[in-house]
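# Commentary on secondary and tertiary structure
Here is how the chains run, residue by residue.
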Amino acid sequence: MKMTLGQWKNRILNALGAEALSSLFLSYAMLHLAYNLYANLQGQYISTLLMRSTGGDGDIVKYYNMICFAMNGISMCVASAFVRKRSVTAGTRLGLVFYMTGTGMFLLFMHRLAPVMPLIALVNATGGGFYWIAYSMILSAYTEDGNRDRAMGFLSVICGVVTMVIPLVSGVILSAFGGSMAGYYLVFGMSFAMAVFTLLLSRKQQTLLAPSRETHFRQALRAVIATPLWRLALGAELLKGIREGTFAFFLNLLLFSLVSNEAVIGVNTVLVSLVSILAASLIGRLVRPGNRIRSMLISVTVMMAGIVMLFVSLNPVTIILFNILNSFVSLFLLNPAGSIFLMVVQKAPGAREMQSEIFGIREVWLNVGRIIGIVVTMVMPQSSLGNVAAMAILTVLQYGMVFCYSKVMKKVEQA
């Protein structure tokens, strides 16, 4: 007997553990899917483009990311006031406009990126500040603590599919053009078109308003400074950022420095995405509020075991193998951490009224950590041993993040 489209939809949602999620969340998930199509067309190859445009200078990639991280926290604080005065949905749209502008600048200055790189980084980071504060508030509004792990797992699955397919397509295109700028023009042009489509799609989203139009920065700052719960949570986010920000590009940077081939980056991304999809499909079923800390602790321990392999030999094969391992276990570290922070926002006294400001402050701490992580990679010896040692340092610090969040969980339970 043939199934209707609705029956197919329900079967897919059941398979992904998303049957209990609200229609508003699922509608936003489709918008976030479109955003990921835009971001992944170019995301893996911003680093390779910057390196090709500067004759293989890997430091420009680190400086680009440091500027992005520094501006991202600032822009999110500005965005927190904007979404109160306008709407959370308007924050999403403005973020997409900034992203489009940044991609347009890549297209305009493709042959002379070094002088304008800081400006592009600032524009893209501003887009990130507006888009991702809206994302955090939407996730908080459309999910509850009991189903948030399932919701984040569902988003990870659909975004993992995009991350698997799209960078491979981009890599094949770039390789077909021999890594020339013509290929980059085509890929970034496609990304720009996808950003336009995502912006148009955002017009169909139901408008979500902030809890109030009044800003609470002074109140939020007093709370995070004076309250042990918030100090622990923000300390955990800083430690999380130390590894998370650097690992978002560092492994691909090392791989490209060894092979200088965009197609290899694309194949690596496919393999990484396959295991991340598997992890995302499992996380919604395996991780619950009661075992989040255990999930995080096991994840960090497995990562440290994987780094031992890199100490033995650092080559394209071992980098790809570690990237696959890292992709699988990272979700079991990052998703529970995100769920715990959102739980604090929902349950801490007075937090709901100042959630946009708290998300902005959280982003500042997270990005301070990300910058620290990059600095660690820059001050370590620029050798195989130095690079692996840097990754080991960034990873072992995650035990501190797990410790902080275990204390956070206990304080929330005792409240």
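Preceding this section is the structure that the text describes.
Cut-offs applied
Residues numbered from 1 in each chain as written. Predicted model: local features only at pLDDT ≥ 70, side-chain atom pairs only at ≥ 80, totals over all residues. Heavy atoms only, no water. 1 Å grid on protein atoms, 1.4 Å probe; cavity = no way out; pocket = protein on both sides within 12 Å on 5 of 7 lines; lining within 4 Å. Points joined across faces, edges and corners; volume = space filled by probe spheres on them. Core = buried A, V, L, I, M, F, W, Y, C linked by side-chain atoms within 4.5 Å. Buried < 20%, exposed > 50% of the residue type's maximum accessible area, 1.4 Å probe, protein only. Contact = heavy atoms within 4.5 Å. Axes fitted to C-alpha atoms, helices over the stretch in contact; angles between N-to-C directions. Helix = DSSP H or I, 4+ residues; strand = E, 2+ residues; numbered from the N terminus. Parallel < 35°, antiparallel > 145°, perpendicular 65-115°, else oblique. Left-handed = near helix turned anticlockwise from the far one by under 90°. Nonpolar A, V, L, I, M, F, W, Y, C, P; charged D, E, K, R; others polar.

### Some remarks on empty space enclosed by the protein
Going through the model one piece at a time under the given rule, you end up with two cavities of 30 Å³ or more. When its volume is computed, the second largest cavity comes out at roughly 70 Å³.

### Focus: the nonpolar core
The biggest cluster of nonpolar side chains holds 125 residues, and the ones touching the most others in it are Phe25, Tyr64, Trp230, Phe341, Met391, Tyr405 and Val408. When near neighbours in sequence (up to four residues on either side) are disregarded, Trp230 contacts Ala223, Val224, Phe341, Val344, Val345, Ala348, Ala351 and Ile358. Counting ten residues, the second-largest nonpolar core is a separate cluster that includes Val270, Ala279, Ile283 and Leu331.

### Re the packing of helix H2 (residues 23-42) against helix H5 (residues 88-108)
At a minimum axis distance of 12 Å, the contact between H2 and H5 shows a crossing angle of 15°. What the angle tells us is that H2 and H5 run roughly parallel. Relative to H5, the crossing made by H2 is left-handed. Seen from H2, the contacting residues are Leu31, Tyr35, Tyr38 and Gln42; seen from H5, they are Thr92, Leu96, Tyr99, Thr103 and Phe106. Considering only residue class, the contact of H2 with H5 consists of six nonpolar, three polar and no charged.

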